[in-house]
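Architecture at a glance
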Amino acid sequence: MRPIERDLLRFKEIVRGEVKKRAREFLTREELFGQVEGRLVSIPLPQLELPKIVYGEPLGEDLGLGGPGTESLGPSGHVPVAELELEEFLDLMGEALRLPRLRPKGEGEVTEEAFRYTTIARKGPRGLRHVRRTLKESLKRALITGEYRPEAPLLVPEREDLRYKAPRSKPRPHAQAVVLFALDVSGSMREEELRLVKTLSFWITLWIKRHFPRLERRYLLHDAEAWEVTEEEFFRAREGGGTRLSSALLLAEEILKRYPEAFYNRYLYHFSDGENWQGDTPQALEALRRLLPTLALYGYAQVQGPYGQGRFLEDLKEALGKEEGLAATEVHGKEDLPLALRRLLGG
Amino acid sequence: MRKELRRWAEILRERALAEGLSFPPVLFEEVGPEEMAMLAAYGGFPRRYSHWRFGSEYLRYRETYRYGLGRIYELVANTYPVHAYLLKGNTLLAQKLVMAHVYAHADFFHHNLAFKPIPKDMEAEMAHHAAFVEKAMERHGARSVEEFLDLALSLENLIDPHALYIQRQAGEDKEERPPDRLQVRPYLDPYVNPPPAPPKEAEEGASPIPLPPRPTRDILGFLARHAPLAPWQKGILEIIREESLYYVPQVATKILNEGWATYWHTRLLLPLLSPEEALEFAELQAGLLAPHGFNPYRLGYLLLKEVEERWDKGRFGPEYEALPLGERLTYERPTGLGLKQLFQVRTVHTDLSFLDSFLTPEFALRQRLLNPEELPRFPEAKKALLFRLTNGSYPIVELVDANYGNRGEILLEHAYEGVELDLKKTQAVLENLYRLWGRPVHLKTVVGGKETLLSAGS
């Protein structure tokens, strides 16, 4: 390996270490949210810059020679940038935040065509020549024509003896998943709480997608009634009104009917302040009892400010706390995010 | 193509020599983009010591090229013979332009006085440094050497840029070089010369000579001599210092050097262009001289052209200087001294003195850097630009006392010129210094308009 490649590897190693160290910080870095749709994530890591005694402000010049541009004079302090594949980035985050691996629940039905070199053909490129099979054909021919002499077993393959490895498409079962986010917009969620919800659902989506590349996303809002919305509306929406958690669960049940549990890993996430209407809780729990066995996970996050008085979390834990597939947690602020994320993913 | 390139290298060399340039042999080598990225990361050399910083730079250059955001056409190393790298796959015209450009750089390295004391065998020297660091890594562990390099590199600008130009009188600096020692490369010193005898009891205690005898900017050198470090650590400090000093004149002549090379590739190539090539040449030239960002090629080239014109038309001397601005713009007295003056400028100036001498209000007006009504702010603007070119845009810091308060602490002083320091980074550097020195380190500077003492370790 060339020395520079070694330096590069070492740099990447340092970057990975730094990303892991700062995983909690990245969790709430919203400028990341935009990029992760792509394949590469690039994160400036000014912490890796070697410190030097420098001026605290860029030295300007006032002669219209161009402002700070591509070619700048003076200390060429380029902030090191980490460029990571999205998958690698997620794995580092997952490792640092101890996020659980998600296991597919049963085989999915949807099949994926995958080419495998499992058959033999008479024509093909030289690189795929199958030596053993070619010699076998040669031997057969030699035996038939009587050219073969055991004391001098020389085989000379001829054109018709040549055999090649050839591809065959093979259906492969592929696990798929659907994730449904329900958000309580009953008015007690403030901007800050909504931001927490956004952050959580963003990372949840990424993490599920990391395990199930075929992921469908659905969103619904609810107060006393529930209705389905698009992703953008989901994050923008603010309504008012009372809270009936059951409305969301019933609609979720309806939507999920289109994703039969036999073929889908179904994830349902529910964000609410937990201030459910008196009398609705039994109904909600009833709906959940029906839903829970069919889901990979039901994640309930009670997001509330300092004066929140929601008690659905307690009711939920009391009634269904022992059930598998229930992931309930409480979020009060940014600092709860790492733990909440882990909990909501079933860890 | 190879043969064609070689032919053109020869043609251009002869033209350059005929026009008055002179330079040592130049070796051209065509390299691919990855290798070019490596060479750029390594500061123009094929081998450097191992450090992740080079990996980071390498990645940046490689990605810049890959995303088509910029390409490095050429790299020249100031060595004997001069090594020049051309980017493989460029058009013949681009390579011709680059080769002419390189000959002018070679001429500049060879003649400009700032490069006088720079060793011409730096390629081998850098390779020695690499071997030294590798050996240290084998012996002391890659991680501990890397950690030390991180410390040392954060001090790489704490050198005296004039160190190579100063010739001290014998005995002027007693502490600098004790007698009875073989003169070798500093980093070899601990291996060649025995360690000094331990002080006799009577000599212990306060030394009558203050340390350092006078304030010094050569902080890296001072640490290499006096900090309580292992020989390999001192060796690394010397390496960093030596390499920093090597780059000093390159940083200090960026505008002039690029301007000079651009002036010459234009002059050498223009008469040789075929009609088909003219358009491509114009395109390349326009890209090179584009006025976005602070473009040293553009400023250097325009200013040299201005100097040539002025000395061709006799726009110099006391009589001219005495004229009011308006008349200076049209003054003419045929002298034809332009080229001669250019050669002199290339020999004696660095960017700072070059701009100080020739960046005039007339030039600013002619190049539309300023509107006539903005002229009153020209002196201020020029001052800001010159300040930016001073000391490679780094603050000037001196080591004043290594026994501050008689406690063996280091006192540094920032020569405050109206711009304050980046406190976070400065503090980090002070912490690094403290780790090297083992005793508290202080820096006198100005923060928020008030004189302040920043400290680490106390």
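Residues numbered from 1 in each chain as written. Chains lettered and ligands numbered in written order. Predicted model: local features only at pLDDT ≥ 70, side-chain atom pairs only at ≥ 80, totals over all residues. Heavy atoms only, no water.

In this model, chain B carries an average pLDDT of 90, and 94% of its residues clear a pLDDT of 70 or more. Mean pLDDT values for the elements of chain B range from 80 in helix α7 (residues 189-192) of chain B up to 97 in strand β6 (residues 441-447) of chain B. (pLDDT = per-residue confidence, 0-100. Helix = DSSP H or I, 4+ residues; strand = E, 2+ residues; numbered from the N terminus.)

Moving on to the packing of aromatic side chains. For the coordinates displayed, the defined rule picks out 32 aromatic pairs over all chains. Judged by centre distance (5.2 Å) and plane angle (70°), the rings of A:Tyr300 and A:Phe312 are edge-to-face. In this pair, A:Tyr300 sits in strand β9 (residues 297-303) while A:Phe312 sits in helix α10 (residues 312-320), placing the two residues 12 residues apart along the sequence. Taking the relative accessible area as the measure of exposure, A:Phe312 reaches 1% and is therefore buried. Grouping aromatic residues by their ring pairs yields a cluster made of A:Phe181, A:Tyr219, A:Phe234, A:Tyr269 and A:Phe271. In this structure, B:Arg71 is placed above the aromatic ring of B:Tyr73, and the distance from its NZ or CZ to the ring centre is 6.0 Å. Over the ring of B:Phe316 we find B:Arg333, and its NZ or CZ is 5.3 Å from the ring centre. (Phe/Tyr/Trp six-rings, centres within 6.5 Å; stacked < 30°, edge-to-face > 60°. Buried < 20%, exposed > 50% of the residue type's maximum accessible area, 1.4 Å probe, protein only. Lys NZ or Arg CZ within 6 Å of the ring centre and 35° of its normal.)

This part covers the confidence of the model for chain A. Across chain A, the average pLDDT comes to 83, with 86% of residues at 70 or higher. Across chain A, element-level confidence peaks in helix α1 (residues 3-21) of chain A with a mean pLDDT of 92 and bottoms out in helix α3 (residues 30-35) of chain A with 67.

Two elements in contact, α1(A) and helix α3 (residues 52-66) of chain B, have axes whose closest approach is 7 Å; the angle formed by their N-to-C orientations is 95°. As the angle between them shows, α1(A) and α3(B) are arranged roughly perpendicular. Contact with α1(A), carried on its side by A:Ile4, A:Glu5, A:Asp7, A:Leu8, A:Arg10, A:Phe11 and A:Ile14, involves B:Trp52, B:Phe54, B:Gly55, B:Ser56, B:Tyr58, B:Leu59 and B:Arg62 of α3(B) and no other residues of that element. Each residue belonging to the contact of α1(A) with α3(B) can be placed in one class, and the counts come to 8 nonpolar, 2 polar and 4 charged. (Axes fitted to C-alpha atoms, helices over the stretch in contact; angles between N-to-C directions. Parallel < 35°, antiparallel > 145°, perpendicular 65-115°, else oblique. Contact = heavy atoms within 4.5 Å. Nonpolar A, V, L, I, M, F, W, Y, C, P; charged D, E, K, R; others polar.)

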